[in-house]
Each structure stands twice: as structure tokens, then as C-alpha cells.
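# Observations on chain architecture
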Amino acid sequence: VVQAAAGAFHSLAVLREGALYAFGLGADGRLGLGHQLNATLPEMVPLHQFVRQAAAGATHSACCDSAGCLYTWGDGAKGALGHLGPRPRKNKNDTGLASMPSWESALRLGEALQHSAGAAPAAE
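What you see is a predicted model; the values in this text were computed from it and never measured.

Calculation notes
Residues numbered from 1 in each chain as written. Predicted model: local features only at pLDDT ≥ 70, side-chain atom pairs only at ≥ 80, totals over all residues. Heavy atoms only, no water. Pairing = 2+ DSSP bridges. Helix = DSSP H or I, 4+ residues; strand = E, 2+ residues; numbered from the N terminus. Axes fitted to C-alpha atoms, helices over the stretch in contact; angles between N-to-C directions. Buried < 20%, exposed > 50% of the residue type's maximum accessible area, 1.4 Å probe, protein only. Disulfide = S-S within 2.5 Å. Salt bridge = Lys/Arg side-chain N within 4 Å of Asp/Glu carboxyl O. Core = buried A, V, L, I, M, F, W, Y, C linked by side-chain atoms within 4.5 Å.

## Quick word on the sheet that holds strand β2 (residues 10-14)
Hydrogen bonding along the main chain pairs the strands of a sheet, whether they run parallel or antiparallel. Strand order in the open sheet formed by four strands is β1-β2-β3-β4, and the pairing between neighbours is antiparallel. Only two strands of the sheet have a single neighbouring strand rather than two, namely β1 (3-6) and β4 (39-44). Averaged over all adjacent pairs, the angle separating strand axes in this sheet is 15°, with direction ignored. As defined by bridge partners, β1 adjoins β2 across four bridges and the pair is classed as antiparallel. Residue pairing for β2: Gln3 is matched across the bridge by Val14.

Written as C-alpha cells, this is what we have:
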């Protein structure tokens, strides 16, 4: 494990080989496993990308892959996922994971990680 993140009731782990694992409470799809079941043991998130970093909020999660794409999933209430429009766009795996185009990723990565960590964004 090269990086770990803890939400209120779930955790994420990034492995050296770029795999992302999630475990804990599965409500709202916060684990990214394609269902809302709890996971008592770590399960691999079916992202099929080399994950560099992950963050966990209270009811949502985010990760950034080696290409700089930001993926967010879980409860998107009050814009927590950072998706434009009323419904998140799903990736080809249809697991509930949604990716933003890289131009959005560059702008939103810092915001998503700060939000998930509970930090307030800098004033504009």
C-alpha cells in the first residue's frame, strides 16, 4: 500500500501496482464496487486504470489515474462529486464510477481532494 484514505465509514488503499481497493460501508455506492453492499475485506475497485491517489469523503470517494483523469463516485448531494449536470456520466465499466474529461480534472482535483479531506478551498 502506497497511499490510504479514510472516510467516515469506509477506506481506500492504493497499491504500488496502481490497483485501488475499497472496504467498509457500501451505502450510496461510496466503495465504487457497482453495488451498495458492505465490504468487510478490501475489494478491488474495477477501474482498470493505474491509480495514483485516492481520497474518501463522508459518503463519496475520488481517485486520480496516471493520465490525470479524476474519477468520483458515491453520494453526489450538494455537488460533492463535482459532476456537471444533474446525473454523473458513467465510464464504460458501468460500476457507478464516473470520470470527468481531463480539462475538468485539472481544475477539480484539488477541490475534490480538499473537500474529501474536509479542508475548505482557498478564497477567490
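## What about the environment of Ala55?
Residue position: Ala55 is located in strand β5 (residues 51-56). A relative accessible area of 8% means that Ala55 is categorised as buried. Through-space distance from the C-alpha of Ala55 to that of Ala6 is 7.4 Å; in sequence the pair is 49 residues apart.

## Observations regarding the state of the cysteines
Here is the idea: a disulfide is a covalent bond, and it sits between the sulfur atoms of two cysteines. All told, the structure shown has zero disulfides when counted by the stated rule. For the unlinked cysteine Cys63, the closest cysteine sulfur is that of Cys64, found at 7.5 Å. A relative accessible area of 1% means that Cys63 is categorised as buried. You can see Cys69 has no disulfide; the closest cysteine sulfur is in Cys64, sitting 7.6 Å from it.

## Here's the deal with the pattern of salt bridges
The tally for this structure, following the rule as stated, stands at one salt bridge. A salt bridge links Asp28 to Arg30; the shortest N-O distance between them is 3.1 Å. Its relative accessible area of 35% is what places Asp28 among the partly exposed residues.

## Some remarks on the nonpolar core
Burial of nonpolar side chains together is a common tendency in soluble globular proteins. Grouped together as the largest cluster of nonpolar side chains are 17 residues, with contacts concentrated most on Leu12, Leu20, Val51, Ala54, Cys63 and Tyr71. Secondary-structure elements contributing two or more residues to this core are β2, β3 (20-24), β5 and β7 (70-74). Sorting elements by how many residues they give to this core places β5 first, with three residues.

## Describing the pairing of strand β6 (residues 60-65)
For β6, the tally of buried residues reaches six of six residues, placing the bulk of the element in the interior. Burial of β6 is two-sided: the residues His60, Ala62 and Cys64 facing one way and the residues Ser61, Cys63 and Asp65 facing the other way are all buried. By the bridge criterion, five bridges tie β5 to β6 in an arrangement that is antiparallel. Residue pairing across strands places Ala55 opposite Ala62, the latter belonging to β6.

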